[in-house]
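Read off the chains here:
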Amino acid sequence: MFDLLQNLFSYTFITRAMIIGVLVSLCAALLGVSLVLKRYSMIGDGLSHVSFGALSIAVAFGWAPLPVSVPIVVAAAFFLLRISENSKVKSDAAIALISSSALAIGVAVMSLTSGMNTDVCNYLFGNILAMSNTDVYISVALSVIVLVLYILFYNRIFAVTFDENFAKATGTKVGYYNMLISFLTAIMIVVGMRLMGAMLISSLIIFPALSSMQVFKSFRKVIFSSAILSVVCFIVGMMISFYFDTPTGASIVIVNLIVFLGFTVSGKIIYGK
């Protein structure tokens, strides 16, 4: 095990991926608990497709992908939130509408410019080799911002997650904190896209939270469990990918799936259901 880790960190690109991956996994796990409880978990899938469309346009025009993607995905997150709150269109339908449209635009732009080459697969399924030093610096900075804001507003996010009406009665600006959750999710999606790809990034949001909820019942315990599970699953997935030469994103998702099944069985044994 130690030799494998030593070999892993002997490669610069894997060290970069590890740094970004641990931070993204941690951010995704923390936000994922609130998103799953609020039944917004599919917003991650929708925003990842928007991010793919934005990245495709940026690549087509020769712009830096991350600075272009962040504002577009954040705007899409706010738009989805507004639609779900104030429109006759249900949130799941709105997510499906925007995600499919953004994915179609991304694929069309890619095919008209660089063609349907490996770049498309890199953005759809992730590629740790595609991350430059600039990507690392921007990703680390954005991830730290997400973590700091989450910790600072933890109590408010907790209140909004469980009972919006009670939060409003106590003077909490529910709309503001829902927008904050959407903002943090959008940043996390963009940062994780280069590593996991548009098709798999939402798994980092859903699996750790659902796994933890099978065993733990308090919000704080679920938060801590999700954070630990997400980081551990990422590292194990990276090791499997390196050792067996399998796709990184797919390896991480499969590890998360196995953990989810294990926690589901454990929950049934503990609670007898």
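Note that the coordinates shown come from a computational prediction; the quantities given were computed from them, not determined experimentally. (Residues numbered from 1 in each chain as written. Predicted model: local features only at pLDDT ≥ 70, side-chain atom pairs only at ≥ 80, totals over all residues. Heavy atoms only, no water.)

1. A look at the confidence of the model for the protein
To keep things clear, this is the line we draw: The predictor reports its confidence for every residue as pLDDT, a score running from 0 up to 100. A helix here means a DSSP run of H or I that spans at least four residues, while a strand means a run of E at least two residues long, and both kinds are numbered starting from the N terminus.
Looking at the protein as a whole, its pLDDT mean stands at 84, while 90% of the residues score no less than 70. The lowest-confidence element of the protein is helix α6 (residues 118-125), averaging 64 in pLDDT; the highest-confidence one is helix α11 (residues 203-215), averaging 93.

2. Thoughts on the side chain of serine 69
Keep this limit in mind: In this scheme, a residue with accessible area under 20% of its type's maximum is buried, one over 50% is exposed, and one in between is partly exposed, where area comes from a 1.4 Å probe on protein chains only. Contacts between residues were defined by any pair of non-hydrogen atoms, one from each residue, lying within 4.5 Å.
Residue placement: serine 69 occurs in helix α4 (residues 65-86). Accessibility expressed as a relative area gives 0% for serine 69, which makes it buried. What serine 69 contacts, discounting residues up to four positions off in sequence, is Ser51, Ala54, Leu55 and Val190.

3. Describing helix α10 (residues 174-196)
Applicable threshold: Helices are assigned an expected span. That span is 1.5 Å times one less than the residue count. To get the bend at a given residue, fit one axis to the seven residues ending there, fit another to the seven starting there, and take the angle between those axes.
For α10, spanning 23 residues, the distance from its first C-alpha to its last is 31 Å, which sits close to the expected 33 Å at 1.5 Å a residue. The largest bend in α10 comes to about 25°, at valine 190. Within α10, 19 of the 23 residues are buried, which leaves the element mostly enclosed by the surrounding structure. Of the residues flanking the end of α10, it is glycine 197, one or two places downstream, whose phi is positive at about 85°.

4. A look at the packing of aromatic side chains
Rules: Classification of ring pairs uses Phe, Tyr and Trp, with its six-membered ring standing for Trp, and accepts pairs whose centres are within 6.5 Å; under 30 degrees between planes counts as stacked, over 60 as edge-to-face, and the remaining range as tilted. By the criterion adopted, a ring carries a charge over it if an Arg CZ or a Lys NZ lies within 6 Å of its centre and within 35 degrees of its normal.
As enumerated under the stated definition, the model contains ten aromatic pairs in all. Their ring planes at 15° and their centres at 4.8 Å tell us that phenylalanine 61 and tryptophan 63 sit as a pair that is stacked. Tryptophan 63 gets classed as partly exposed once you look at its relative accessible area, which sits at 46%. With a centroid separation of 4.9 Å and 85° between ring planes, the pair formed by tyrosine 176 and tyrosine 177 is classed as edge-to-face. One cation-aromatic arrangement involves lysine 217 over tyrosine 271; the distance from NZ or CZ to the ring centre is 4.8 Å.

5. Some thoughts on the nonpolar core
What tends to happen in soluble globular proteins is that the nonpolar side chains get buried as a cluster. Applicable threshold: For the purposes of this section, nonpolar cores are sets of buried Ala, Val, Leu, Ile, Met, Phe, Trp, Tyr and Cys residues that join through side-chain atoms within 4.5 Å.
Within the largest apolar cluster, 73 residues are counted, with the highest numbers of intra-cluster contacts made by Leu47, Tyr150, Met188 and Met196. Top contributing element to this core by residue count: α10, with 14 residues. Sequence-distant contacts of methionine 188, defined by excluding residues within four places in its chain, comprise Val24, Cys27, Ala28, Leu31 and Ile205.

6. Quick look at the environment of valine 22
For valine 22, the position within the fold is in helix α2 (residues 12-37). Its relative accessible area of 27% is what places valine 22 among the partly exposed residues. Separated by 222 residues in the primary sequence, valine 22 and phenylalanine 244 have C-alpha atoms spaced 21 Å apart. If we skip the residues at most four places from it in the chain, valine 22 touches Val231, Phe234 and Ile235.

7. Regarding the pattern of salt bridges
The condition is simple: Whenever a carboxyl oxygen of Asp or Glu lies within 4 Å of a side-chain nitrogen of Lys or Arg, that contact is scored as a salt bridge.
In this structure the tally under the stated criterion is one salt bridge. Of the charged contacts in the structure, one is a salt bridge between glutamate 164 and lysine 38, with a shortest N-O distance of 2.7 Å. Remark: lysine 38 occurs in the loop between α2 and α3 (43-61) and glutamate 164 occurs in helix α9 (residues 164-169); sequence separation between them is 126 residues. A relative accessible area of 27% means that glutamate 164 is categorised as partly exposed. According to the relative accessible area criterion, lysine 38 is buried, its value standing at 13%.

8. Some points on the state of the cysteines
Between two cysteines, a covalent bond joining their sulfur atoms is known as a disulfide. For clarity, the threshold we go by: Cysteine sulfur atoms that come within 2.5 Å of each other are treated as a disulfide pair.
Using the criterion set out here, one finds zero disulfides in the structure. Unpaired in this structure, cysteine 27 has its nearest cysteine sulfur neighbour in cysteine 233, at a distance of 16 Å. On the basis of relative accessible area, cysteine 27 is assigned to the buried category, the value being 2%.

9. Things to note about the side chain of serine 241
Of note, serine 241 is situated in helix α12 (residues 219-244). Its relative accessible area of 8% is what places serine 241 among the buried residues. In contact with serine 241, not counting residues within four places along its chain, are Thr246, Pro247, Thr248 and Ser251.

10. Some details on the environment of methionine 188
One can find methionine 188 in helix α10. Classification of methionine 188 as buried rests on a relative accessible area of 2%. Along the backbone, methionine 188 and alanine 28 are 160 residues apart, and their C-alpha atoms lie at a distance of 6.7 Å.

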